[in-house]
Amino acid sequence: MRELPALGPNRKLKLPKQAEQTLDNGLTVIAIRRSAVPLVELRLRVPFGRAPLARAMLLSQTLFSGTSTMSTTDIAAGLQTVGGALDAGHDPDRLLISGNALVTGLDRMLEILAGVLTDATYPTDEVATEREVLVDHLQVAQQQPAHLVRVALLKRMYGRHPYAVQTPEPGQVKGVRPGQLRALHADRVRPDGATLVIVGDLPPERAIEAAAKALDGWTGLARDAVVPPVPPLETGPLVLVDRPGSVQSSLRIALPGLPRQHPDHAALQLANLVFGGYFSSRWTENIREDKGYTYGPHSGIEHSVAGSALIASAEVATEVTGPALLETRYELGRLASLPVEAEELEQARRYALGSLQLGISTQAGLATHAAEYAGYGLRLDYLAEHAAKLAAATREDVFTAAQQYLAPARAVTVVLGDAAAVEGQLAALTEVQRA
Amino acid sequence: MVRPTKIPATKYPVERLTLGNGLRVVLSPDRSASVVGVAVVYDVGIRSEPEGRTGFAHLFEHLMFQGSENLEKLAHFRHVQGAGGTFNGSTHLDYTDYFEALPGNALERALFLEADRMRGPRLTDENLRNQVDVVKEEIRVNVLNRPYGGFPWLKLPPVMFDTFPNAHDGYGSFVDLDSATVDEAAEFFQRYYASGNAVLAVAGDLDVAEAQALVERHFGDVPERPAPQRPSFAEPDLTAERRAQYTDPLAPLPAVAAAWRVPDPGADLTAYLPYVVLAEVLTDGDASRLVERLILRDRSATSVGGYIGAMGEPWEVRDPTVLILQAFLPPGGSVDKVLRTVDEELDRIATGGLAPGELARTQARMATHLLRESDPVISRALRMAVLEQQRGRPELLNELPRLVASVTAEQVVAAAATLRPERRASLEVIPGVQA
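Residues numbered from 1 in each chain as written. Chains lettered and ligands numbered in written order. Predicted model: local features only at pLDDT ≥ 70, side-chain atom pairs only at ≥ 80, totals over all residues. Heavy atoms only, no water.

J.: Honestly, the UniProt feature "domain: Peptidase M16 N-terminal" (unreviewed entry) in chain A in this entry has me stumped. Any pointers?
T.: In this structure's numbering, the residues bearing the UniProt feature "domain: Peptidase M16 N-terminal" (unreviewed entry) are residues 57-167 of chain A. Secondary structure content for residues 57-167 of chain A is 56% helix and 14% strand, while the C-alpha to C-alpha distance between its ends is 8 Å. (UniProt positions renumbered as here; feature names shortened; annotations may be inferred. Helix = DSSP H or I, 4+ residues; strand = E, 2+ residues; numbered from the N terminus.)

Here it is, written out as structure tokens:
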């Protein structure tokens, strides 16, 4: 037998050079240097909590549809000329504008961005086009099992909370008028409380200077975007959503999560890894590598500003839907009832620490992480603090977190599948309620 | 007119060596982050699988994770992730890759793991049956249980091509997968997974001399086996238009994909490059020809895409390959009309040429894409490995942005002129669901 080589000495997590400044208009600019490639990454996070859903989503699709001096194609061509592109996306917490360009194009990209932020016109024709495009995309989503089960799960988890519905109905989108988009833009697309992250091959001070110069004409005080805290999960019967003829069942389990700042977050993250958070987890080794029920089960902690949840997902063959749920509950129950093995914990710990290193080893990774953390009032140095907590978590800490948060008794379960084929299998294990 | 942006280049160092057993090695140090990417590619892919064994190359890729000479089942996953790393493998038309991204202190471990399975995977009937089940679930997730599954990457090749290697379904039929045997897997390994048929590439936080010594230590005694003779997969170009259609029972909207043969990427890179650029001129962003015409002006499509090769990897595919254009249509949209408009737009380029700045901005954006793709150590290792395998030129990674920028408007115009209807194979998706 050949022996597995030992790992070299741990290399300490090295955070890149960064600078931060809040501009007079209230926009916080965070600039981070990574010089590996001559590019720049940009993320602008604007708080968008409690914005009307259909309008907010269509706004994200039409933000770049024109200004008083530029058309859709002028904007796209202008960005392309410096190797750039910008795109906007929306979730219940924020509007996120993302882009990248050759580093020599930063000033031009910011100039075009400023034009859009201060002067987007939502032209009638372009809005009509993007509205139809969005409606068509929603029609396609309604045939995607992953989307359908997500819709059912959010509804089940959040009840009447704003997070319960995160995709508008096509009919709601059809009713949105350009004037409403302009009003929403004026009301919510404001610098105060927003964060701009710039990562790239340039000194952070220069990036901040460029942003300050380009965006000083963007003004507006923050609006109240506070989403009320999410309600606690309420346990109850398994919710079964019928999708006749489905050759797989989409299994989703929601459990309580913890925000990143919580003292038990690191321990819960480790417990989740051992359960199903990476390939070498008990769940994957059981229902994929031993039983072949599924291709890729996964569980993870999903953070939103108003609360966090742990969500486990697997697409399993229709005929083994019951057995897959049985094994899933068994693995959750085992983790909540017995301490993890020492080596199992070390493996998960090293994985979590390595993921931090890999996550910040690219410009895009740095930008995405920094913008995400900023939405929670955190900075990249959170990574160092979090690494220390991951390193310090004991078996007892992890067991306590698992008992508290991964107990199957606390699970909320939703299954989307061919109800005629799976209802009996599921009802043998737990009470089932049709959606 | 705007002055064209200067296209930058990376200068990643490249060291090449060949071990006594014929294994080719590429080392590319970059100390900008303490992470390392390890990639092994074998010169075997979907096109090489035997008739009656559709999906075998991919199934075999799964078997390479099921234990090897010194490693039990599950050990590979645990050792990579337990070192803080991530792993995967993927099967392509012309190659199969295996890779890890890890903190820099785990380099030797990754080399050990890859060398161990290069000596031989543990092929057992139990693991084979388990992975046949897993692969079937993978196919259900990605093809059978969702709208537009396999469109167009699995569905278009049989319209375009006539011979088994180029035309067949690379995911495989369940009948073929079920009848695969351990003996066939052993034979497949013996033939294609030879040291002389593989390339190892390591990129990231490494010292060349140290890494070279580690590579010698772990791969030096992998038994020597020569590369098998690679057959020609050449097929004549189409001489008459081909049209096909099928009903997707889960699709709510019509869609169409069209393909034209392009020059041999290996034999004549200069002739091939204009087609890679043309695909972007036609479809990259709101200022591209087909987005502007089909989506923004005519509203005859709601999304369009254009790329080279069924798997969309212009720098990792051999002859014969194709330029593909695809579009999703609004409800009731006419595929004939979309194809006619595409012909018109190609004609417009062929006869009217490109607009001022149109080529330069497209090339600038392509440069950003290429540079951005090379930022993660693992993408860099993978691309260098394939460039070494298919071209003997891993350093081409550094040159691609400027090579793309060297394509002239005349070349793009000439390329557009070859995309005639009589050389086209197209495939229409008829929606099986009322939108």
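Once you've had a look at it, read on.
J.: Would you mind showing me how to read the packing of aromatic side chains here?
T.: Aromatic ring pairs: the centre-centre distance and the angle between the two ring planes describe each pair. Scanning the model with the defined rule gives 23 aromatic pairs over all chains in all. On the basis of an interplanar angle of 80° and a centroid distance of 5.6 Å, the ring pair of Tyr158(A) and Tyr163(A) is categorised as edge-to-face. Note on accessibility: Tyr158(A) and Tyr163(A) belong to one class, buried. Ring geometry for Phe56(B) versus Phe188(B): centroids 5.2 Å apart, planes at 70°, classification edge-to-face. (Phe/Tyr/Trp six-rings, centres within 6.5 Å; stacked < 30°, edge-to-face > 60°. Buried < 20%, exposed > 50% of the residue type's maximum accessible area, 1.4 Å probe, protein only.)

J.: Hey, could you run me through the domain arrangement of chain A in this one?
T.: Many analyses report the size of an interface as the accessible area lost when the parts associate. All names here are of chain A. According to the domain assignment, chain A consists of domain 1 (18-215) and domain 2 (238-434). When the buried area of domain 1 at its contact with domain 2 is split by residue, Arg45, Val149 and Leu153 rank highest and sum to 22% of it. In this assembly, domain 1 and domain 2 are joined by three salt bridges. Taking the shortest distance from any N to any O, the salt bridge between Arg150 and Glu302 comes out at 3.1 Å. At the surface where domain 1 touches domain 2, the tally comes to 11 residue pairs in polar contact (both at pLDDT 80 or more). At the level of elements, strand E1 (18-22), strand E2 (28-33), strand E3 (39-47), helix H5 (145-158) and strand E6 (195-200) are the ones that each hand at least two residues to the side of domain 1 that touches domain 2. Ranked by residue count, the leading element in the side of domain 1 that touches domain 2 is H5, at 10 residues. Its residues assigned to classes, the side of domain 1 that touches domain 2 comprises 16 nonpolar, six polar and nine charged. (Domains from an automatic or database assignment. Buried area = accessible area lost by both parts, 1.4 Å probe. Salt bridge = Lys/Arg side-chain N within 4 Å of Asp/Glu carboxyl O. Polar contact = N/O pair within 3.5 Å; in protein donor to acceptor, adjacent residues only side chain to side chain. Nonpolar A, V, L, I, M, F, W, Y, C, P; charged D, E, K, R; others polar.)

J.: What exactly am I supposed to notice about helix H8 (residues 204-215) of chain A here?
T.: Along an α-helix, residues three or four apart share an orientation, since each turn contains 3.6 residues. Residues and elements named next belong to chain A. The terminal C-alpha atoms of H8 lie 16 Å apart, and with 12 residues this matches the ideal 16 Å at 1.5 Å per residue to within 8%. Taken as a whole, H8 has its buried residues at Pro204, Ala207, Ile208, Ala210, Ala211 and Leu215. End-on view of H8: buried residues confined to an arc of 160°, all on one side of the axis. Opposite the packed face of H8, turned more than 90 degrees from it, sit the exposed residues Glu209 and Lys213. Those residues of H8 hidden inside the fold are in contact with E1, E2, helix H3 (106-119) and E6. (Expected span 1.5 Å × (residues − 1). Arc of directions from axis to C-beta. Contact = heavy atoms within 4.5 Å.)

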